[in-house]
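Spelled out from the first residue to the last, the chains are:
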Amino acid sequence: MAHILTENQNEIDESWMRYAIRLAQRAETAGEVPVGALLVKNEKVIAEGWNVVIETHDPSAHAEVVAVRRAGKVLENYRLIDTTLYVTLEPCVMCMGAISHARVKRLVFGAFDEKRGAVCNALNLAAAPFLNHRVDWQGGVLEDVCSQLLKDFFAARRK
């Protein structure tokens, strides 16, 4: 469920999203689709990730999954209670499954993905009745910057 946030929370979300954008740029530098993610708990980063699908030859190595895997190791628990995941692109079906199973409390993303987004576009898994965990979410944080990063990447690839 999307929530209306206070101005202070919007500033916090934008600050963390800038961090996620820097992670996405790391993916782009490596030739990967520029998506970055980080998990925050108690106002501290506990894990970060960026797309490494090509590098690792692993179709599941999306930024969100990388960050969730690392966070599980840091917390020594597969349940990531009271965490917020920041990611530059609306998560796909696979990533939303991992986010839900990990019990991430809140998801904040930048660009909406109308074709494959599984939070509120192609699917609405954030509120799916068959999942036993509901993820609070906020989309569109620094959306223009996050979207442009992806557009520029794919435009360059088409040249």
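Just above, that's the structure.
These lines cover the structure that appears in this document, whether it is placed above or below.

Cut-offs and rules
- Along each chain, numbering runs from 1 in the same order as the chain's sequence is written.
- Restriction of local features to residues with pLDDT of at least 70 applies here, the model being predicted, together with a cutoff of 80 or more for giving and counting side-chain atom pairs; totals for whole chains, interfaces and linings are based on all residues.
- Calculation of side-chain values draws on the structure's entire complement of heavy atoms; hydrogens and water are dropped beforehand.
- Each helix corresponds to a stretch of at least 4 residues labelled H or I by DSSP, and each strand to a stretch of at least 2 residues labelled E; elements are numbered beginning at the N terminus.
- As a reference, a globule follows 2.2 Å times the number of residues to the power 0.38, and the radius of gyration itself is taken over C-alpha atoms.
- Only protein chains enter the area calculation, which uses a 1.4 Å probe; residues under 20% of their type maximum are buried, those over 50% are exposed, and those in between are partly exposed.
- Areas reported here follow the Shrake-Rupley algorithm with a probe of radius 1.4 Å; residue values treat only the protein chains shown as occluding.
- We count Lys and Arg on the positive side and Asp and Glu on the negative side, and we leave His and both chain ends out.
- Think of each charge as sitting on NZ of Lys, CZ of Arg, CG of Asp or CD of Glu.
- Residues enter a nonpolar core if they are buried and are Ala, Val, Leu, Ile, Met, Phe, Trp, Tyr or Cys, with the set joined through side-chain atoms within 4.5 Å.
- For this analysis, residues touch if any pair of their heavy atoms sits within 4.5 Å.
- Throughout, the protein atoms alone are placed on a 1 Å grid, and a set of points is a cavity if a 1.4 Å probe fits but cannot get out or a pocket if it is open with protein on both sides within 12 Å along at least five of seven lines; lining residues have an atom within 4 Å of a point.
- Grid points are joined across faces, edges and corners, and a volume is the space filled by probe spheres set on the points.
- Ten residues, namely Ala, Val, Leu, Ile, Met, Phe, Trp, Tyr, Cys and Pro, are considered nonpolar, four, namely Asp, Glu, Lys and Arg, are considered charged, and the remaining ones, Gly among them, are considered polar.
- We define a salt bridge as a side-chain nitrogen of Lys or Arg found within 4 Å of a carboxyl oxygen belonging to Asp or Glu.
- Axes, fitted as lines to C-alpha atoms, cover a helix only where it is in contact. Angles between the N-to-C directions of the axes lie from 0 to 180 degrees.
- Here the word oblique covers every angle except those under 35 degrees (roughly parallel), over 145 (roughly antiparallel) and from 65 to 115 (roughly perpendicular).

**Observations regarding the overall build of the protein**
So, point 1. When you go through the protein residue by residue, the secondary structure sums to five helices and five strands.
So, point 2. The linear arrangement of helices and strands in the protein, starting from the amino end, is α-β-β-α-α-β-α-β-β-α.
So, point 3. Rg of the C-alpha trace for the protein: 14 Å, near the compact-globule value of 15 Å for 159 residues, within the 12% margin.
So, point 4. With the principal axes as the frame, the protein shows a C-alpha extent of 45 × 35 × 30 Å.
So, point 5. Expressed as a percentage of its 159 residues, the buried residues of the protein come to 48%.
So, point 6. About 8600 Å² of surface is accessible on the protein, with carbon and sulfur atoms providing 52% of the total.
So, point 7. Measuring between centres, the 19 positive side-chain charges of the protein sit 5 Å from its 20 negative side-chain charges.

**Concerning the nonpolar core**
In globular proteins that are soluble, nonpolar side chains generally tend to be buried together.
So, point 1. If you look at the biggest cluster of nonpolar residues, it comprises 48 residues, and the most contacted ones within it are Met17, Leu39, Leu85, Met96 and Leu107.
So, point 2. Secondary structure elements with two or more residues in this core: helix H1 (7-29), strand E1 (36-41), strand E2 (44-50), helix H3 (63-75), strand E3 (84-89), helix H4 (93-101), strand E4 (106-111) and helix H5 (143-158).
So, point 3. If you tally residues by element for this core, the top one is H1, at seven residues.
So, point 4. When sequence neighbours within four positions are dropped, the list of residues in contact with methionine 17 reads Tyr86, Val87, Thr88, Val108, Phe109, Gly110, Val141, Leu142 and Cys146.

**Topic: the layout of surface pockets**
So, point 1. Here the largest pocket defines a volume of roughly 640 Å³.
So, point 2. For the largest pocket, the lining is made up of 25 residues, of which Leu89, Asp113, Arg116, Leu150 and Phe154 are closest to its centre.
So, point 3. Of the residues that constitute the lining of the largest pocket, the class distribution is 13 nonpolar, three polar and nine charged.
So, point 4. Its volume calculated, the second largest pocket comes out at about 330 Å³.
So, point 5. Lining the second largest pocket are 15 residues; nearest its centre among them are Gln9, Asp82, Thr84, Tyr86 and Arg106.
So, point 6. Within the residue set of the lining of the second largest pocket, elements represented by two or more residues are H1, E1 and E3.
So, point 7. In terms of residues, the lining of the second largest pocket owes the most to one element, H1, which gives three residues.
So, point 8. Considering only residue class, the lining of the second largest pocket consists of four nonpolar, five polar and six charged.

**Examining the pattern of salt bridges**
So, point 1. Counting across every chain of the model gives five salt bridges.
So, point 2. In this structure, glutamate 14 engages arginine 18 in a salt bridge whose closest nitrogen and oxygen atoms are separated by 3.8 Å. Of this pair, glutamate 14 and arginine 18 both sit in helix H1, four residues apart, which is roughly one turn of the helix.
So, point 3. Note that arginine 26 is salt-bridged to glutamate 48, the shortest N-O span being 3.7 Å. On the criterion of sequence distance, the pair formed by arginine 26 in helix H1 and glutamate 48 in strand E2 is long-range, its members being 22 residues apart.

**Some words on the packing of H1 against H5**
When two helices pack together, you describe them by how their axes are tilted relative to each other and by the distance separating the axes.
So, point 1. Running from amino to carboxyl end, H1 crosses H5 at an angle of 10°, the nearest separation of the two axes being 11 Å. One finds that H1 runs roughly parallel with respect to H5. Between H1 and H5, the residues in contact are Met17, Ile21, Ala24, Gln25 and Glu28 and Val145, Cys146, Leu149 and Phe153, respectively.
So, point 2. Class assignment of the residues belonging to the contact of H1 with H5 gives a composition of seven nonpolar, one polar and one charged.

Just geometry here; none of it tells us what the structure is for.
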